There are 2 protein chains.
Amino acid sequence: MSNRNFQIRLGRMNTSLRIGLFLLVSIVISAGVAFPDPLPSWNEGQTKQSIIKFVQAVTDKSSPNYVPPELRIATFDNDGTLWCEQPMYFQGFFAFDRVKALAPQHPEWKEKQPFKAILENDMKALAAAGEKGMAEIIMTTHAGMTTGEFEKIAKNWLATAKHPRFERPFTDLVYQPMLELLGYLRKNGFKTYIVSGGGVEFMRPWAEKVYGIPPEQVVGSSVKLKLEMRDGKPVLMRLPEIDFIDDGPGKPVGIQKFIGRRPIAAFGNSDGDHQMLQWTAAGEGPRFTLLVHHTDTEREWAYDRQSSIGRLDKALDEAQNRGWTVVDMKKDWKKIFPF
Amino acid sequence: MSNRNFQIRLGRMNTSLRIGLFLLVSIVISAGVAFPDPLPSWNEGQTKQSIIKFVQAVTDKSSPNYVPPELRIATFDNDGTLWCEQPMYFQGFFAFDRVKALAPQHPEWKEKQPFKAILENDMKALAAAGEKGMAEIIMTTHAGMTTGEFEKIAKNWLATAKHPRFERPFTDLVYQPMLELLGYLRKNGFKTYIVSGGGVEFMRPWAEKVYGIPPEQVVGSSVKLKLEMRDGKPVLMRLPEIDFIDDGPGKPVGIQKFIGRRPIAAFGNSDGDHQMLQWTAAGEGPRFTLLVHHTDTEREWAYDRQSSIGRLDKALDEAQNRGWTVVDMKKDWKKIFPF
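Quick notes on the rules
- Residues numbered from 1 in each chain as written.
- Chains lettered and ligands numbered in written order.
- Predicted model: local features only at pLDDT ≥ 70, side-chain atom pairs only at ≥ 80, totals over all residues.
- Heavy atoms only, no water.
- Helix = DSSP H or I, 4+ residues; strand = E, 2+ residues; numbered from the N terminus.
- Buried < 20%, exposed > 50% of the residue type's maximum accessible area, 1.4 Å probe, protein only.
- Areas by Shrake-Rupley, 256 points an atom, 1.4 Å probe, with all protein chains shown as cover.
- Least-squares fit on C-alpha atoms with pLDDT ≥ 70 in both.
- Contact = heavy atoms within 4.5 Å.
- Salt bridge = Lys/Arg side-chain N within 4 Å of Asp/Glu carboxyl O.

Asks: Could you clarify how one ought to interpret the overall build of chain A in this entry?
Replies: Helix and strand counts for chain A stand at 13 helices and 8 strands. The buried share among the 339 residues of chain A stands at 51%. Carbon and sulfur atoms make up 54% of the accessible area of chain A, which totals about 16400 Å².

Asks: Would you explain the relation of the copies chain B and chain A in this entry?
Replies: These two copies of the chain differ by a rotation about an axis and a displacement along the same axis. Rotating chain B by 180° about the axis while translating it 0.0 Å along that axis superimposes it on chain A, leaving an RMSD of 0.0 Å. Such a turn and shift between the copies fits a two-fold axis. Proximity to the rotation axis, assessed at the C-alpha, singles out F258 of chain B in chain B; its C-alpha lies 3.1 Å from the axis. Take the interface residues of chain B: 100% of them recur as interface residues in chain A, which is what a same-surface contact looks like.

Asks: Sorry if this is basic, but what is going on with the pattern of salt bridges here?
Replies: Opposite charge on two side chains makes pairing possible when the charged atoms of those side chains draw close. What the rule picks out here adds up to 38 salt bridges over all chains. Between K48 of chain A and E44 of chain A there is a salt bridge, and its shortest N-O distance comes to 2.9 Å. A salt bridge links K251 of chain A to D273 of chain A; the nearest nitrogen and oxygen atoms lie 2.7 Å apart. Placement of K251 of chain A in helix α10 (residues 250–258) and of D273 of chain A in the loop between β5 (265–268) and α11 (274–281) is noted, with a sequence separation of 22 residues between them. Across the pair, exposure class does not vary: K251 of chain A and D273 of chain A are buried alike. Through salt bridges with shared partners, a single ionic network connects K191 and R261 of chain A together with E208 and E216 of chain B.

What follows is the structure in structure tokens.
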């Protein structure tokens, strides 16, 4: 409908209709939000309002809290913040499945811990192998191939593996409210990053499709890489040696190394994100820091201070002391998963 | 002038004028390029045409060589490719000036090499100190402060220091044709990155202003960082320990670590860029690899196979064998600097 036609039609309307239209327009304007609701899976309340208020302030050129687009950096933890992390980190399932897939080439694993424990699903023996055992598993399953080969392995696994509780692909177990939040921030000029303790090359193959986050905006833990020539072509070999652990105090380091600017907003769910939120909050100007608190046994899981996976203890205390936003998953989220 | 007015005026023109206008329009259309020239400081010829042809192919949706925007990654070396590197890497001038600035706090340097050599401008003694001496200078001048403090130091130096030959700020000594190339690529949907052997935190403070490249798109060498609390606030300390050397075989590693995608175009000038260009060229689909050959003693410098700074030897052979584009600075560049 052209402007002119619209004016003609408006002129023909009866008075009560015109008053009604005027009121409707007034309500829309005074509500100050654009329709449709950018966060439909978030229940109305303080948590949702704190997000919207922050985004409105930093994008409003007349606000003292305005932040130019190039400085609108937002960092997100992955495990427990964007997708589930129970009953263990999903990359752990990947590593165990890799051990099983590689076992025929390693007959000695039948008698060798920690591999024996995985092949026999003996979680007690696996726990006894401790951190050293886990490191051995990670190195065996994540190194000794080219970056291209590892990408294919990770993609194939994600295409076929299923979560034991939900019996769905792991990439289905992402939080719908967080997907909406990522989109809402990007629509408002934010650059969204993953800053996760998980392996960077494990996340990059699917982060763009699932979260809309391109490979160059994924920061994570890594093994060392080495350039080699293979049949006259350069390849990058993944070495069985840790290069960087992007967790806890490593997260601000990862942010500085890979992004080089301090985020103005950071989102996490565990003590592994504590320093990232502190680092973000300590910058000048408006800041937004949010923790996802897992409180929903029925639809997801409930865990915090006592959990061995995704423990949320010190960061929860600091959130309460400093007034950081805490999502009560049960109360604040209308919907958990996209399915 | 509205469309309608234009038609009326066209109707009033005499026939020869109308034929002339028609011919002019035909020429513009058949030339197939949008005015104005996107690379005005590049002389017409094969080098300029190879760039334009590549950009047109990867951005033309009907071309078999079309590349979607998210894969249009272009990486640029810095020293000798975007700005000068003679008579030594500019970061070397920075380090030497830092030694001089810090000398009053270190009276022992008067008798201690390699510092003594710098304080006495004794280049022979400095050369004798070798790589170990250089490493000591770098660590002394680039570590032991917070990331924020180092940023200020680097910015202050760049604001005041001058190049010995041109007597201008170092950030003036950037190549005008390369600035145009960066802009041309970005205008065509490319994401432009610096991938340099130089220190990442030395480049980030000015790369956005000078090159239009934001901090998160600067990849470089780095020292290890450590999170510490200072007066209750988190800071990142720069440790006197190398974290990553982004040079030679380190460049494809840096690209994978920090970008996570293979570039489709790479630009360098020395053997330190050789592997970056090989890595770029070895990908599938259309590729563009370019070397800047310093051939202009008058306006800049001429050096290649024998130079200790920015040696171009093996990469030049490979460029000739594989048909990589080589810029002959003297011949191909109408103008060297923006001033």
